[in-house]
Amino acid sequence: MTILTITRDDLKKLCALDLTDTVPNAALDSVIEAEQSVYEYVLDPAVLTASSGSEGLRATLTLGVSEVLSGSYLRRQARAPGATDDFHIGPLNVTASKTDSPPQIAERLASQGLKRLEPFLRASKMVASDAVGGSPDGSSKMPLLATAAATGSLFDASFGLECGFGEEGVR
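Report on the accompanying structure. The structure presented is a predicted model; accordingly, all values stated were derived computationally and were not measured.

So, about the overall build of the chain. The secondary structure content of the chain amounts to 7 helices and 2 strands. Reading the chain from its N end, one meets helices and strands in the order α-α-α-α-β-β-α-α-α. Across the 171 residues that make up the chain, the buried fraction comes to 26%. Long-range pairs, those at least 24 residues apart, make up 65% of the contacts in the chain with a sequence separation of at least 6. Taken as a whole, the chain presents about 11,200 Å² of accessible surface, with 59% of it coming from carbon and sulfur.

In structure tokens form, the structure reads like this:
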């Protein structure tokens, strides 16, 4: 379930596409469907909840996610065969721009969106903790099972007594 309202027209504007052009609609819709919930998941849930009461916050989050999705769409377009190829027809040379190529524009747009969202992201350790239902992993600051109080350990008493040896250490 998505919380932010992101439309294909939003992405078309950011990608500088003609709003009346219906050719990219399916591709834009698939990017929104596949990736919007991913980027909403990494946002702090408290921030998403607070965005319902703050138009400025909601607009910032929507723009940030839209920029990332637009960058993703442009990356897909740039990976299409022939999208960045140079070619020659007789004396005419057509060269893909080396300074502002589609992959570079896509990267800048996506990184701009990620930078805009950065203050509102969950802590990376919390994403992992939330994903596994609160069970800590070895990289978190939460206590592990090995450090939690449990029953007595084999190493709490002397080794010889626990293994069935007498006080002299002989069986």
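From this point on, the discussion continues.
The next subject is helix H5 (residues 102–117). Here H5 is 16 residues long and its end C-alpha atoms lie 23 Å apart, about the 22 Å a rise of 1.5 Å per residue gives. Regarding H5, the residues found buried are Ala106, Leu109, Ala110, Gly113 and Leu117. Down the axis of H5, the smallest arc covering the buried residues is 95°, so these residues share one side. Buried residues belonging to H5 abut helix H1 (8–14) and helix H4 (55–79).

A few words on a nonpolar patch on the surface. Among the surface-exposed residues, Phe87, Ile89, Leu92 and Val94 lie close enough to one another that they form a single nonpolar patch of about 350 Å² accessible area. Examined against the element boundaries, Ile89 turns out to sit in strand S1 (residues 87–89).

Counting across every chain of the model gives 0 aromatic pairs. Positioned above the aromatic ring of Tyr41 is the side chain of Arg122, whose terminal nitrogen or guanidinium carbon lies 4.3 Å from the ring centre.

Our focus in this paragraph is the packing of helix H2 (residues 25–41) against H4. Relative orientation of the contacting elements H2 and H4 amounts to 130°, with a least axis distance of 10 Å. In this view, H2 runs oblique relative to H4, as classed from their interaxial angle. With respect to the hand of their crossing, H2 and H4 are arranged in right-handed fashion. Counting all contacts with H2, which are made through Ala27, Leu28, Ser30, Val31, Ile32, Glu35, Gln36 and Tyr39, the residues of H4 involved are Val65, Val68, Leu69, Ser72, Tyr73 and Arg76. Class assignment of the residues belonging to the contact of H2 with H4 gives a composition of 9 nonpolar, 3 polar and 2 charged.

This brings us to the pattern of salt bridges. In total, this model carries 4 salt bridges according to the counting rule given. As a salt-bridge pair, Arg76 and Glu35 come within 3.7 Å of each other at their nearest N and O atoms. Placement of Arg76 in helix H4 and of Glu35 in helix H2 is noted, with a sequence separation of 41 residues between them. The class for Arg76 is partly exposed, based on a relative accessible area of 32%. Between Arg75 and Glu107 there is a salt bridge, with its nearest N and O atoms 2.6 Å apart. With Arg75 in helix H4 and Glu107 in helix H5, the pair connects residues that are 32 residues apart, well separated along the chain.

Quick look at the nonpolar core now. In this structure, Leu4, Leu43, Leu61 and Leu69 are the most contacted members of the largest nonpolar core, which totals 21 residues. Setting aside chain neighbours within four positions, we find Leu4 in contact with Gln36, Glu40, Leu43, Leu48, Arg58, Leu61, Thr62 and Val65.

The subject of this paragraph is the environment of Tyr73. On the secondary structure map, Tyr73 appears in helix H4. The exposure class assigned to Tyr73 is buried, which follows from its relative accessible area of 5%. C-alpha of Tyr73 to C-alpha of Ile32: the two residues are 41 residues apart in sequence and 9.2 Å apart in space. Non-local contacts of Tyr73, meaning those with residues more than four positions away in its chain, are made with Cys15, Leu17, Pro24, Ala27, Leu28 and Val31.

What counts, and where the lines are drawn
Residues numbered from 1 in each chain as written. Predicted model: local features only at pLDDT ≥ 70, side-chain atom pairs only at ≥ 80, totals over all residues. Heavy atoms only, no water. Helix = DSSP H or I, 4+ residues; strand = E, 2+ residues; numbered from the N terminus. Buried < 20%, exposed > 50% of the residue type's maximum accessible area, 1.4 Å probe, protein only. Contact = heavy atoms within 4.5 Å. Areas by Shrake-Rupley, 256 points an atom, 1.4 Å probe, with all protein chains shown as cover. Expected span 1.5 Å × (residues − 1). Arc of directions from axis to C-beta. Patch = residues over 30% accessible without salt bridge, like charges linked within 9 Å, V, L, I, M, F, W, Y side chains within 5 Å. Salt bridge = Lys/Arg side-chain N within 4 Å of Asp/Glu carboxyl O. Phe/Tyr/Trp six-rings, centres within 6.5 Å; stacked < 30°, edge-to-face > 60°. Lys NZ or Arg CZ within 6 Å of the ring centre and 35° of its normal. Axes fitted to C-alpha atoms, helices over the stretch in contact; angles between N-to-C directions. Parallel < 35°, antiparallel > 145°, perpendicular 65-115°, else oblique. Left-handed = near helix turned anticlockwise from the far one by under 90°. Nonpolar A, V, L, I, M, F, W, Y, C, P; charged D, E, K, R; others polar. Core = buried A, V, L, I, M, F, W, Y, C linked by side-chain atoms within 4.5 Å.

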